Amino acid sequence: MTNRKRQQPRYTVYVIELQAAVLTLGKFADANPGYVYDAARPPLYVGMTAHSPDKRFDQHRNGYKASRYTRGNAIRLRMDLVGELVFSTREEAERMEELHAVRLRRRGFAVWQN
């Protein structure tokens, strides 16, 4: 009998670039007042996951537990905008998800985060 330790889950914050069409959707627009579309700063979705960001992106693209803003609007994963945000607890990751969304808005991006 082997004695395996259960691996602690890791939670990662991720960013998805969205199509400009999300900017016309009510709550997205309300969350980003004054935003004017800029191809250099496209609309984004910020989330966190216990899966790999690639797997979670595929889930969004396939409609599995997808935000209404990512469903049909997800273009690509943008880990270049998030860096290494990996946490050992869900609570830490949720807090950083919120903070990162605020940081991206300050940089001029339109952002949706739950």
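Shown above is the structure to which this text applies.
Worth saying up front: this structure is predicted, and the values here are computed from it rather than measured. (Residues numbered from 1 in each chain as written. Predicted model: local features only at pLDDT ≥ 70, side-chain atom pairs only at ≥ 80, totals over all residues. Heavy atoms only, no water.)

Further remarks concern the side chain of His-60. Mapped onto the elements of the fold, His-60 is located in helix α2 (residues 53-61). Not counting residues up to four positions away in its chain, the partners in contact with His-60 are Tyr-14, Ile-16, Tyr-45, Lys-65, Ala-66, Ser-67, Thr-70 and Arg-71. (Helix = DSSP H or I, 4+ residues; strand = E, 2+ residues; numbered from the N terminus. Contact = heavy atoms within 4.5 Å.)

A few words now on the environment of Glu-94. On the secondary structure map, Glu-94 appears in helix α3 (residues 90-106). Taking C-alpha positions, Glu-94 is 8.2 Å from Gly-47, a pair spaced 47 residues apart along the chain.

Turning our attention to the side chain of Asn-73. Mapped onto the elements, Asn-73 comes out in the loop between α2 and β3 (74-77). For Asn-73, a relative accessible area of 11% translates into the label buried. If near-sequence neighbours (up to four positions away) are discounted, Asn-73 is found in contact with Glu-17, Leu-18, Gln-19, Ala-21, Val-22 and Arg-68. (Buried < 20%, exposed > 50% of the residue type's maximum accessible area, 1.4 Å probe, protein only.)

For the rest of this paragraph, the subject is the packing of aromatic side chains. In total, this model carries 4 aromatic pairs according to the counting rule given. Look at Tyr-14 and Tyr-45: their rings are 6.3 Å apart centre to centre, the planes differ by 40°, and that puts the pair in the tilted class. With Tyr-14 in strand β1 (residues 11-18) and Tyr-45 in strand β2 (residues 44-49), this pair connects stretches of sequence that are 31 residues apart. The exposure class of Tyr-14 is buried, given its relative accessible area of 1%. Through pairs of rings, three or more aromatic residues link up here, namely Phe-28, Tyr-69 and Trp-112. (Phe/Tyr/Trp six-rings, centres within 6.5 Å; stacked < 30°, edge-to-face > 60°.)

A few words on unusual backbone geometry. Excluding glycine, residues mostly carry a negative phi; peptide bonds, for their part, are mostly trans. With a phi angle near 50°, Lys-65 is a residue other than glycine that sits in the positive phi range. Relative to the assigned elements, Lys-65 resides in the loop between α2 and β3. Judged by its relative accessible area of 61%, Lys-65 falls in the exposed class.

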